[in-house]
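Below, each chain spelled out in residue letters.
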Amino acid sequence: MASAESSPTSPANSTKVQHFTIPGEFVAAFVGVYSPLILAILFGNSLVLLAVYKEKGLRKRGNSFIVSLSVADFLTGLVGVPTAILGRLLQNKVTCSTATRMVFFTAAFTFSAVSIFQLLAITVERYLAIMTPLVYHTTMSPRRYSYIIACVWVSGLAVGIIPNFGSSEDKDVCNANYEPSHAVQLFMLIFALGIPTVLASMGLMYFHIFRKARLQANRIAALRRALHRVEEHRTAQEHSAQMKATKTTAIILGGFAACWIPMSLKFFLEVFIDMDAYTILILQTVLEFSAYANSAINPVIYCYRNAEFRTAFCKILAPLKICSTRTRPVRVTPVVPLRESSVSSLENCRIEGSHAVGVINIT
């Protein structure tokens, strides 16, 4: 944040304005650590977007939220992190001026807010899919998905530009006596208090989802034992697919919480606790890295949990021979030849039963 670059006044020259100077070794280490992170974000999320583009089977309504999240993560690596690095490391009239400084961080703030709102939308979508399965398909129409995604991005942009307000007066951010504007402090409080609040709300919804899903699974199992109907088996498979998607989303949410709760703590400390410039710089470097790393772990979660995404990734990466695109072997039950007897072909088929036809079993 803006206050991180302010430096305590030297005791020997208390009346002079001094700027905090970032050591050259720190700049080199900073770039060396963040460069692989940017590449990982771009590579992983481009795989997700390319997989959805190439595979028609992945173009589902539910995956539209995943695509929106991947776009936000991709833009975080392409625009958000690089511009934030420039604003953090460079010290000149542009980066040290309150009128222009926050522009360097607006992209990172915006795409981070979009990620939060998109995860909230995914959680609500999972909640409706499990809690109200009979009306889910009519309630969540393709047009409604588009409206929700549009609202997510507009809301993220509204949150991301908050720090730019109240900064029209040209002040030196790098001045030791500089204090962040009320808009910047408001933004930090929104992130400091808003992230735990949103995550707590999501966690409560997932608690109800898993409890409801467990009850549904028990009822389906009881019906299958009592009726032995194919329809119940199909219902159980659909319910299992819904639960797997919900668990995947919960893992994504857990990764987001692990990455962003420390960042929330950083904003809280910056607002309420006075720290020297070096401490704030180190704190920002470590905790911002964990926050931006969230944009790189989501594709890994998709690859591990979702077989369709995993297969699509392997097809895209086939020239690199990173993973195999071979499908599982197909076992064919051999056809038993007709008996050489006076029995007619129709009677022979009736005797052999299921062995008279070639039954293909997918293992």
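Just so we're clear, the structure is a prediction, and the values are computed from it rather than from any experiment.

Asks: So what's going on with the UniProt feature "transmembrane region" (unreviewed entry) in the protein chain? Residues and values would help.
Replies: According to UniProt, the "transmembrane region" (unreviewed entry) feature falls on residues 26–53, 65–90, 102–124, 145–166, 186–209 and 250–269. The span residues 186–209 carries 100% helix and 0% strand; its end-to-end C-alpha distance comes to 34 Å.

Asks: Before we move on, could you go through a nonpolar patch on the surface and cite the residues and values that matter?
Replies: Together, Leu-265, Phe-268, Phe-272 and Ile-273 make up an exposed nonpolar region whose accessible area comes to about 380 Å². Here Leu-265 shows up in helix 7 (residues 230–272). Residue classification places Leu-265 among the partly exposed positions, given a relative accessible area of 48%.

Asks: Lay out the packing of helix 2 (residues 63–89) against helix 5 (residues 142–160) with the relevant residues and their values.
Replies: Relative to each other, helix 2 and helix 5 sit at 25°, their axes nearing to 10 Å. Considered as vectors, helix 2 and helix 5 are oriented roughly parallel to each other. In this structure, helix 2 crosses over helix 5, and the sense of that crossing is right-handed. Of the residues in helix 5, those touching helix 2 at Ser-64, Phe-65, Ser-68, Val-71, Ala-72 and Leu-75 are Tyr-145, Ile-148, Ile-149 and Trp-153. When the residues that make up the contact of helix 2 with helix 5 are grouped by side-chain class, the tally is eight nonpolar, two polar and no charged.

Asks: So, the side chain of Ser-290: which residues are in play, and what are the values?
Replies: With respect to the helices and strands, the residue Ser-290 is situated in helix 8 (residues 277–305). In this structure the side chain of Ser-290 is engaged in a polar contact, spanning 3.3 Å, whose partner is the backbone oxygen of Cys-259. Here the side chain of Ser-290 touches Leu-287 through a polar contact of 2.7 Å, landing on its backbone oxygen. If near-sequence neighbours (up to four positions away) are discounted, Ser-290 is found in contact with Cys-259 and Pro-262.

Asks: With reference to specific residues and values, describe helix 5.
Replies: Since the α-helix packs 3.6 residues into each turn, any two residues three or four apart lie on the same face. Between the first and last C-alpha of helix 5 there are 27 Å, a value that for 19 residues agrees with the 27 Å anticipated at 1.5 Å per step. Buried within helix 5 are the following residues: Tyr-145, Ile-149, Val-152, Gly-156, Val-159 and Gly-160. Buried residues of helix 5, seen end-on, are gathered within an arc of 100° and therefore sit on one face of the element. For helix 5, exposure combined with an orientation more than 90 degrees from the buried face picks out Arg-143, Tyr-147 and Val-154.

The rules behind the values
Residues numbered from 1 in each chain as written. Predicted model: local features only at pLDDT ≥ 70, side-chain atom pairs only at ≥ 80, totals over all residues. Heavy atoms only, no water. UniProt positions renumbered as here; feature names shortened; annotations may be inferred. Helix = DSSP H or I, 4+ residues; strand = E, 2+ residues; numbered from the N terminus. Patch = residues over 30% accessible without salt bridge, like charges linked within 9 Å, V, L, I, M, F, W, Y side chains within 5 Å. Areas by Shrake-Rupley, 256 points an atom, 1.4 Å probe, with all protein chains shown as cover. Salt bridge = Lys/Arg side-chain N within 4 Å of Asp/Glu carboxyl O. Buried < 20%, exposed > 50% of the residue type's maximum accessible area, 1.4 Å probe, protein only. Axes fitted to C-alpha atoms, helices over the stretch in contact; angles between N-to-C directions. Parallel < 35°, antiparallel > 145°, perpendicular 65-115°, else oblique. Left-handed = near helix turned anticlockwise from the far one by under 90°. Contact = heavy atoms within 4.5 Å. Nonpolar A, V, L, I, M, F, W, Y, C, P; charged D, E, K, R; others polar. Polar contact = N/O pair within 3.5 Å; in protein donor to acceptor, adjacent residues only side chain to side chain. Expected span 1.5 Å × (residues − 1). Arc of directions from axis to C-beta.

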